[in-house]
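Read off the chains here:
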Amino acid sequence: MLAARAAPLHVNGARLNGWLAKFDAIGRTATGINRVAYSEADLAGRTFTLGLFREAGFPPRIDAAGNIFGRLEGTDRALKPILIGSHVDSVTDGGNFDGPVGSFSAIEVARSLREQGVRLRHPLDVVVWSNEEGGTVGSKGAVGLLAPADVDKVARSGKTIRDGIGLVGGNVARLSEAVLEKGDIACYMELHIEQGGLLEKAGLQIGVVEGIVGLRWFEVTVTGFANHAGTTPMDQRKDAMLTAAKFAVAINDAVRSVPGRTVATVGRMTVSPNTTNVIPGQVVLTVDLRDLDASKVEHFTGRFEQLGREIGAATGTTFAFNRTVDSAPAISDRQVMGWVDGAAASLGFTRQRMPSGAGHDAQEVAHVAPMAMIFVPSVGGISHSPREFTKPEDVVHGADVLLNAVLAADRQ
Ligand SMILES: [Zn+2]
């Protein structure tokens with residue numbers, strides 16, 4: 001058994017980056033990586049990944065939700081598994097790093113432990129979740145949050161989620177058998193690219209993720225009065241577009257006036273009648289609001305509604321708010337974050353604690369197990385793009401942190 005203060009271990013970084021380089025050829029098109037869940041390229045990517053499990057000596061199994069699991073046995077049969085992993089599917093026209101970095105690093109961590117003769121007390125389970133980009137489908141399935149209505153939805157590949165899960169080796173009819181309950185997993189850790197530019201800007205090597213932000217979406221309908229653009233004087237208009245623009249500026253100002261990391265975005269406006277010579281009578285706009293702190297999400301919800309009332313009163317228009325999506329923040333576990341932080345410290349990496357503004361499988365696993373995530377820098381803060389890139393040395397740093405965080409978790 002390793003002493004508590006043993007020197008940090010290292011993965012085989014060249015091997016790990018070699019896998020990533022080979023994987024880049026799968027689903028690569030002129031416009032980027034296209035390994036959309038349940039597509040031919042996703043199946044090819046999963047076949048490649050299953051091969052990595054086998055080559056490492058961990059015969060993979062596929063659960064009812066289509067997730068791939070492989071196990072490094074521990075010495076104490078009474079202990080629950082430590083779970084590590086990520087996903088290998090991509091968005092349309094995406095990159096090669098969002099998902100594979102964490103998935104292949106997890107396989108490499110288990111393989112390095114075996115090769116270096118390190119026996120863990122806990123079993124170490126490596127997971128590659130299915131269909132992450134379609135809405136964390138596989139991880140939702142694994143924690144019992146995939147509703148029967150969800151599986152009839154048509155995924156990006158054109159197949160239903162039911163058919164897609166069957167295609168990758170799962171079985172929707174047996175989903176209940178795959179469900180992990182509270183207490184089934186000792187902890188979960190996921191390495192992922194940052195997908196933003198904070199680490200690069202700060203010149204830091206590792207992000208210790210404090211949690212995944214809560215997200216709230218609104219559809220806001222601004223109703224004015226459509227009238228002739230030539231004959232209606234400027235002081236007699238109820239212009240819904242102009243009002244919507246004022247509202248977009250006002251919520252931006254409101255968020256920026258409060259210190260913190262809240263973000264709010266007006267991303268879409270549907271204008272009616274959307275004609276050159278008619279004053280817009282109605283605009284339907286979307287607001288995307290996110291923060292790690294649920295009370296901030298609540299605060300700004302109230303603030304935005306108040307701004308709607310004020311701007312509506314001043315412009316002769318009305319605002320109606322409709323909440324379309326509401327997901328609570330998933331907070332990292334203090335102890336698991338501490339293992340990640342301690343591992344990064346033992347390796348001498350510069351780091352910071354930070355929220356994840358993007359969604360991840362870890363947010364689903366958080367429903368049943370203490371979790372934490374490790375971020376490595378994204379060059380230029382770019383992701384979900386063919387220009388997505390994480391430097392090979394940063395990939396290795398992240399995998400080394402994951403390896404030593406697993407060792408720390410195993411000591412508990
Ligand atoms: Zn991802």
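Residues numbered from 1 in each chain as written. Predicted model: local features only at pLDDT ≥ 70, side-chain atom pairs only at ≥ 80, totals over all residues. Heavy atoms only, no water.

Draft legend 1. Spotlight on the nonpolar core. Core analysis: the largest hydrophobic core is formed by 59 residues, its most contacted members being Ile84, Phe104, Val109, Leu113, Leu124, Met189 and Val401. When residues in this core are grouped by element, the largest group, 11 residues, is from helix H11 (residues 392-410). (Core = buried A, V, L, I, M, F, W, Y, C linked by side-chain atoms within 4.5 Å. Buried < 20%, exposed > 50% of the residue type's maximum accessible area, 1.4 Å probe, protein only. Helix = DSSP H or I, 4+ residues; strand = E, 2+ residues; numbered from the N terminus.)

Draft legend 2. Focus on the pairing of strand E5 (residues 82-87). The element E5 is extensively covered by neighbouring structure, given that six of its six residues are classed as buried. Alternating positions in E5 separate into two faces, Ile82, Ile84 and Ser86 on one and Leu83, Gly85 and His87 on the other, with burial throughout. Pairing of E5 with strand E6 (residues 124-129), which is carried by six bridges, proceeds in the parallel orientation. What sits directly across from His87, in E6, is Trp129. The parallel pair E5 and E6 is bridged by helix H3 (residues 100-115), and the resulting crossover is right-handed. Pairing geometry for E5 and strand E7 (residues 187-193), over three bridges, is parallel. Within the sheet, the bridge partner assigned to Leu83 lies in E7 and is Tyr188. (Pairing = 2+ DSSP bridges. Right-handed = clockwise from strand over helix to strand, strands pointing away.)

Draft legend 3. Focus on the sheet that holds strand E11 (residues 263-272). On the basis of which strands lie adjacent, the open sheet formed by four strands has the order E11-E13-E9-E14 and antiparallel pairing. Only two strands of the sheet have a single partner each, and these edge strands are E11 and strand E14 (318-327). Across the sheet, the mean angle from the axis of one strand to that of its neighbour is 20°, orientation sign disregarded. In the sheet, strand E9 (residues 214-223) pairs with E14 via nine bridges, with the strands oriented antiparallel. Note on E14: the bridge partner recorded for Glu219 is Asn322. On the sheet, helix H7 (residues 240-256) packs against E9, E11, strand E13 (282-291) and E14 and is oriented at approximately 10° with respect to E13. Each of E9, E11, E13 and E14 touches helix H8 (residues 294-315); the most contacted strand, E13, lies at about 155° to it. (Axes fitted to C-alpha atoms, helices over the stretch in contact; angles between N-to-C directions. Contact = heavy atoms within 4.5 Å.)

Draft legend 4. Summary view of the coordination of the zinc ion. Bound to the zinc ion on the protein side are His87 (NE2), Asp98 (OD) and His192 (NE2), at distances that span 2.0 to 2.2 Å. Between the donor residues of the zinc ion, the gaps in sequence give the motif H-x10-D-x93-H. Residue His87 is found in strand E5, and its partner Asp98 is found in the loop between E5 and H3; the two are separated by 11 residues along the sequence. Residue His87 is classed as buried on the basis of its relative accessible area, which comes to 0%. Given the relative accessible area of 5%, Asp98 is considered buried. (Donors = N, O, S within 2.8 Å, 3.2 Å for Na, K, Ca; no water.)

Draft legend 5. Quick look at the packing of H3 against H11. H11 packs onto H3 with a crossing angle of 55° between their chain directions and a minimal axis gap of 9 Å. Taken together, the axes of H3 and H11 are oblique relative to one another. Helix-helix and strand crossings are classified by hand; for H3 and H11 the assignment is right-handed. Along its contact with H3, which presents Val101, Ser105, Ala106, Val109 and Leu113, the element H11 presents Val395, Ala399, Leu402, Leu403, Val406 and Leu407. Here the residues of the contact of H3 with H11 sort into 10 nonpolar, one polar and no charged. (Parallel < 35°, antiparallel > 145°, perpendicular 65-115°, else oblique. Left-handed = near helix turned anticlockwise from the far one by under 90°. Nonpolar A, V, L, I, M, F, W, Y, C, P; charged D, E, K, R; others polar.)

Draft legend 6. Representation of the pattern of salt bridges in the model. Tallying each qualifying case throughout the model produces 15 salt bridges. With a shortest N-O distance of 2.9 Å, Asp288 and Arg290 are connected by a salt bridge. By the burial criterion, Asp288 is buried, and Arg290 matches it. (Salt bridge = Lys/Arg side-chain N within 4 Å of Asp/Glu carboxyl O.)

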